[in-house]
Amino acid sequence: MTMRFFEKYLARKSKLGLIFNAAVVILAIFIMIPQTRKATTALMLRATIFIYQPSLLAKPIPLQADVEQWQLRTLDGDTCQFADFLGKPLIINYWASWCAPCIAEMGQFEKLYADYADDVNFLFISNEKKSDILKFQKRKKIQMPIYQAINNYPQQLSANTLPVTFIISPDRNILMRKSGIVQWNGKRMRNIIRQLIDKN
């Protein structure tokens, strides 16, 4: 009975349909396995990233003075203040190694960092333990500078979800606050960055 069902099923399906069904089954298996779940989900999200485009706020929000005192630490242990990164266009991204959408969009930020590191400041901030961050950085060969917050996040830049990305202009205005996965390495974002660099 079971064999007859599969014979009829295979006879009705095209080769393309069979390949698609097999791919869905394989993806489902990888998602069910804890060791491969995060990477598989990130891969699936990466395929749809072009759908989500960055957009500026309707009105820039002036940065509050207390934000400038926010203290951060590099993975080498050096401390710095948020104010050290102002004066250039600034891209801030909150992420975690366990966050599939964060991983899916990380390659986008790597490309932006490679092209604009001289003209734009980048802050990639994670709350994870340093050892976990270093392991992830080594495994993924991440070149971007990663920071940890020393004290509480400023209210104006707080977030209760991941990933979250802010863009701050050289004249200290919040121009963008985006939650979730976005196509950062696209024409729209690159135009925004170039305009901010040209104005600076």
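Starting afresh in each chain, residues are numbered from 1 along the sequence in its written order. Only residues with pLDDT of 70 or above have their local features reported here, since the model is predicted, and side-chain atom pairs are shown and tallied only from 80 upward, although totals for entire chains, interfaces and linings are computed over all residues. The basis for the side-chain values is all heavy atoms of the structure; hydrogens and waters are excluded.

(A) Broad picture of the environment of I146. If you trace the backbone, I146 turns up in strand β6 (residues 146–149). Residues I146 and S126, 20 residues apart in the sequence, show an inter-C-alpha distance of 7.4 Å. Strands here mean DSSP runs of E at least two residues long; helices mean DSSP runs of H or I at least four residues long; both are numbered from the N terminus.

(B) Structural context of a positive patch on the surface. Each patch is built from salt-bridge-free residues with over 30% relative accessible area, joining like charges within 9 Å and nonpolar side chains (Val, Leu, Ile, Met, Phe, Trp, Tyr) within 5 Å. For accessible areas, the Shrake-Rupley method is used with a probe of radius 1.4 Å. Any residue's cover is judged against the shown protein chains and nothing else. Any carboxyl oxygen of Asp or Glu within 4 Å of a side-chain nitrogen of Lys or Arg constitutes a salt bridge here. Counting rule applied: Lys, Arg positive; Asp, Glu negative; His and chain ends not counted. Charge coordinates come from a single atom per side chain, which is NZ of Lys, CZ of Arg, CG of Asp or CD of Glu. On the surface, K129, K135, R139 and K140 cluster together into a patch of positive charge. Think of it in three bands: residues with accessible area under 20% of the maximum for their type are buried, residues over 50% are exposed, and the middle band is partly exposed, with areas taken using a 1.4 Å probe on protein chains only. A relative accessible area of 57% means that K129 is categorised as exposed.

(C) Highlighting the pairing of β6. The alternating pattern of β6 places I146 and Q148 and Y147 and A149 on opposite faces, both of which are buried. At least two bridges found by DSSP between two strands are what make those strands a pair. Note that strand β2 (residues 71–74) and β6 share three bridges and pair antiparallel. Note that in β6 the partner of R73 across the bridge is Q148. Alignment of strand β5 (residues 121–125) against β6, held across two bridges, turns out to be parallel.

(D) Fine view of the environment of S131. One can find S131 in helix α5 (residues 130–140). S131 gets classed as partly exposed once you look at its relative accessible area, which sits at 40%.

(E) Seen up close, the packing of helix α4 (residues 100–116) against helix α6 (residues 187–199). Close contact between α4 and α6 brings their axes to 12 Å; oriented N to C, the two are set at 30 degrees. Our classification of the angle between α4 and α6 gives roughly parallel. When the axes of α4 and α6 are compared, the crossing they make is right-handed. In this structure, α4 uses K111, L112, D115 and Y116 to contact α6, whose residues at the interface are M189, R190, I193, R194 and I197. Whenever a helix is involved, its axis is fitted only over the stretch in contact; in every case the axis is a line through C-alpha atoms, and angles between N-to-C directions fall within 0 to 180 degrees. Here is the rule for angles: anything less than 35 degrees is roughly parallel, anything more than 145 is roughly antiparallel, 65 through 115 is roughly perpendicular, and the remaining ranges are oblique. The hand of a helix crossing depends on one turn: near helix anticlockwise from the far one by less than a right angle means left-handed, and clockwise means right-handed. Every residue pair with non-hydrogen atoms within 4.5 Å of one another is taken to be in contact.

(F) Quick peek at the pattern of salt bridges. Taken as a whole, this structure holds two salt bridges when the rule is applied. We note a salt bridge from D115 to R190, for which the minimum N-O separation is 2.7 Å. You can see D115 sitting in helix α4 and its partner R190 sitting in helix α6, a full 75 residues away along the chain. Its relative accessible area of 17% is what places R190 among the buried residues.

(G) Expanded view of the nonpolar core. Ranked by size, the top nonpolar core spans 28 residues in total, and within it I91, W95, L112, W184 and M189 carry the most contacts. Sorting the residues of this core by element identifies α4, β5, α5, β8 (173–179) and α6 as the ones contributing at least two each. Element by element, the count of residues in this core is highest for α4, at six residues. Filtering out sequence-adjacent residues up to four positions away, L112 remains in contact with A117, F122, W184, N185, M189, R190 and I193. Put simply, a nonpolar core is a bunch of buried Ala, Val, Leu, Ile, Met, Phe, Trp, Tyr and Cys residues held in one set by side-chain atoms that sit within 4.5 Å of each other. Of all hydrophobic cores here, the second largest spans 20 residues; its members include W70, L72, L157 and V164.

(H) Quick look at unusual backbone geometry. In this structure, the amide linkage connecting L162 to the following residue, P163, adopts the cis form with an omega of -10 degrees. Structurally, the position occupied by P163 is in the loop between β6 and β7 (164–168). Its identity as a non-glycine residue notwithstanding, K141 has a phi of 55 degrees, on the positive side. Exposure remark for K141: the relative accessible area of 64% places this residue in the exposed category. You will see that R172, though not glycine, has its phi angle at about 70 degrees, which is positive.

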